[in-house]
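Spelled out, the chains give:
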Amino acid sequence: MTDDTQARIKALVEANDVLLFMKGSPLFPQCGFSSRAIAILNHLGVEFESVDVLQDQGIRQGIKEFSDWPTIPQLYVKGEFVGGSDIMMEMYESGELAQLFAKA
């Protein structure tokens, strides 16, 4: 993993209040977990940016090291790693995710 890739990921995370690293795009998610993450964000009416990790192998591997989290999608809010789709779903169902976005 290059420092350059880590710097690119850090810049993306810092530049966007809500950022989802995912497989595919919000209109065409390429995996069920990414699709579920998009559905949760859309249901909450959250404006977010996304990064398609399938378009960049460096980002695809680098994001796993950046967050120390092995799977994609990965959600970041205000520069903080929130989690993947399972964590998003749990937080959505408990109301925690809506509270997080209300603060952000």
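That block above? That's the structure.
Bear in mind the structure is a predicted one, so any value in this text is a computation, not a measurement.

Peer 1: Which residues make up the sheet that holds strand S3 (residues 74–77), and what values do they have?
Peer 2: Ordered in space as S2-S1-S3-S4, the 4 strands form an open sheet in which the pairing is mixed. Each having just a single partner strand, strand S2 (49–52) and strand S4 (80–83) make up the two edges of the open sheet. Averaged over all pairs of adjacent strands, the angle between their axes in this sheet comes to 25 degrees, without regard to strand direction. Note: strand S1 (residues 18–22) against S3, 4 bridges, orientation antiparallel. Paired with Leu-20 across the strands is Leu-75, a residue of S3. Against the sheet, helix H4 (residues 85–94) makes contact with S1, S3 and S4, and its axis sits at roughly 85 degrees relative to S4, the strand it touches most. Helix-sheet contacts for helix H5 (residues 96–103) involve S1, S3 and S4, and the interaxial angle to S3 is about 40 degrees.

Peer 1: I'd like a rundown of the packing of aromatic side chains, residues and numbers included.
Peer 2: Per the stated rule, a full pass over the model turns up 4 aromatic pairs. Between Phe-21 and Tyr-76, the ring centres sit 5.7 Å apart and the planes meet at 80 degrees, which makes this aromatic pair edge-to-face. Taken as a pair, Phe-21 in strand S1 and Tyr-76 in strand S3 lie far apart in primary sequence, 55 residues in all. When its relative accessible area of 0% is taken as the criterion, Phe-21 is described as buried. Given a relative accessible area of 2%, Tyr-76 falls into the buried group. These aromatic residues form a ring-pair network of at least three members: Phe-21, Phe-66, Trp-69, Tyr-76 and Phe-81.

Peer 1: An account of the environment of Asp-86 is needed here, citing residue identities and associated values.
Peer 2: Along the polypeptide, Asp-86 turns up in helix H4. Separated by 50 residues in the primary sequence, Asp-86 and Arg-36 have C-alpha atoms spaced 9.1 Å apart.

Peer 1: I'd like to hear about H4, residue by residue, with values.
Peer 2: Taken residue by residue, H4 has Ser-85, Met-88 and Met-91 as its buried positions. Around the axis of H4, the buried residues are gathered within 125 degrees of arc, so they sit on the same side. Across from the buried face of H4, at angles greater than 90 degrees, the exposed residues are Glu-90 and Glu-93. Turning to H4, the residues buried within the fold contact S1, helix H2 (32–43), S3, S4 and H5.

Reading guide: rules and limits
Residues numbered from 1 in each chain as written. Predicted model: local features only at pLDDT ≥ 70, side-chain atom pairs only at ≥ 80, totals over all residues. Heavy atoms only, no water. Pairing = 2+ DSSP bridges. Helix = DSSP H or I, 4+ residues; strand = E, 2+ residues; numbered from the N terminus. Axes fitted to C-alpha atoms, helices over the stretch in contact; angles between N-to-C directions. Contact = heavy atoms within 4.5 Å. Phe/Tyr/Trp six-rings, centres within 6.5 Å; stacked < 30°, edge-to-face > 60°. Buried < 20%, exposed > 50% of the residue type's maximum accessible area, 1.4 Å probe, protein only. Arc of directions from axis to C-beta.

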